[in-house]
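Fold and contact review
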Amino acid sequence: MRKLITYTVVMLLGLSISLAPMSALATEGSDVFVYRSEPTAAAMIGDVLVVRPIALVGLGVTSLSFLISWPFSAMGGNSDQAKQKLLKDPVQYTFKRPLGDF
């Protein structure tokens, strides 16, 4: 079991490190990615096969983070902000945004 957890963590870390340069290229004003009014088929396929599964894993991580931090954010009076950033925004990004819309 420990080997499986270690393998999973290493794979996710490697994936995030390999995708980090892509996010740096996608800055506003960059001419590498051209804005299109409608998503392309490639963007939709990439969204379904890569982005949504990673976002689903991220949703699990942020949900767990919210559960752990909830007593502290409730004492601090900012539980609504924590709920928005750690639960509602990831759910919106993972399940409610249009396919291929980044």
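Our subject in this report is the structure included herewith. Predicted, not measured: the structure shown is a model, and the values here were computed from it.

About the thresholds
- Residues numbered from 1 in each chain as written.
- Predicted model: local features only at pLDDT ≥ 70, side-chain atom pairs only at ≥ 80, totals over all residues.
- Heavy atoms only, no water.
- Helix = DSSP H or I, 4+ residues; strand = E, 2+ residues; numbered from the N terminus.
- Buried < 20%, exposed > 50% of the residue type's maximum accessible area, 1.4 Å probe, protein only.
- Contact = heavy atoms within 4.5 Å.
- Areas by Shrake-Rupley, 256 points an atom, 1.4 Å probe, with all protein chains shown as cover.
- Axes fitted to C-alpha atoms, helices over the stretch in contact; angles between N-to-C directions.
- Parallel < 35°, antiparallel > 145°, perpendicular 65-115°, else oblique.
- Left-handed = near helix turned anticlockwise from the far one by under 90°.
- Nonpolar A, V, L, I, M, F, W, Y, C, P; charged D, E, K, R; others polar.
- Expected span 1.5 Å × (residues − 1).
- Bend = angle between axes of the 7 residues up to and from the residue.
- Salt bridge = Lys/Arg side-chain N within 4 Å of Asp/Glu carboxyl O.

A look at the overall build of the chain
- A tally of helices and strands in the chain yields three helices and zero strands.
- Helices and strands in the chain line up, N terminus first, as α-α-α.
- Burial status across the chain gives 13% buried among its 102 residues.
- In the chain, once contacts between residues fewer than 6 apart in sequence are set aside, the share between residues at least 24 apart is 68%.
- Counting every atom, the chain has about 8,100 Å² of accessible surface; 70% of that belongs to carbon and sulfur.

Some details on the packing of helix α2 (residues 41-76) against helix α3 (residues 79-96)
- Direction vectors running N to C along α2 and α3 enclose 170°, while the axes themselves pass 9 Å from each other. By the criterion of interaxial angle, the relationship of α2 to α3 is roughly antiparallel. Like other packed secondary-structure pairs, α2 and α3 cross with a definite hand, here left-handed.
- The residue makeup of the contact of α2 with α3, split by class, is 14 nonpolar, seven polar and two charged.

A few points about α2
- Taking 1.5 Å of rise per residue, the 36 residues of α2 would be expected to cover 52 Å, yet its terminal C-alpha atoms sit only 45 Å apart, more than 12% below that figure.
- At Ser-69, α2 shows its maximal bend, which comes to roughly 55°, and the proline Pro-71 appears one to four places after that position.
- If you follow the buried residues of α2, they end up packed against α3.
- A positive phi of about 80° marks Gly-77, the residue just after α2.

Quick notes on the pattern of salt bridges
- According to the stated counting rule, one finds three salt bridges in the structure shown.
- With its nearest N and O atoms 2.8 Å apart, the salt bridge here joins Arg-97 to Asp-47. With Arg-97 in the segment after α3 and Asp-47 in helix α2, this residue pair connects regions lying 50 residues apart in the sequence.
- Given a relative accessible area of 9%, Arg-97 falls into the buried group.
- Linking Asp-89 and Lys-85 is a salt bridge whose minimum nitrogen-to-oxygen distance equals 3.9 Å. Of this pair, Asp-89 and Lys-85 both sit in helix α3, four residues apart, which is roughly one turn of that helix.

Considering the side chain of Arg-52
- Turning to its location among the elements, Arg-52 is positioned in helix α2.
- Once residues within four sequence positions are removed from consideration, Arg-52 is found in contact with Asp-47, Tyr-93, Thr-94, Phe-95, Arg-97, Pro-98 and Leu-99.

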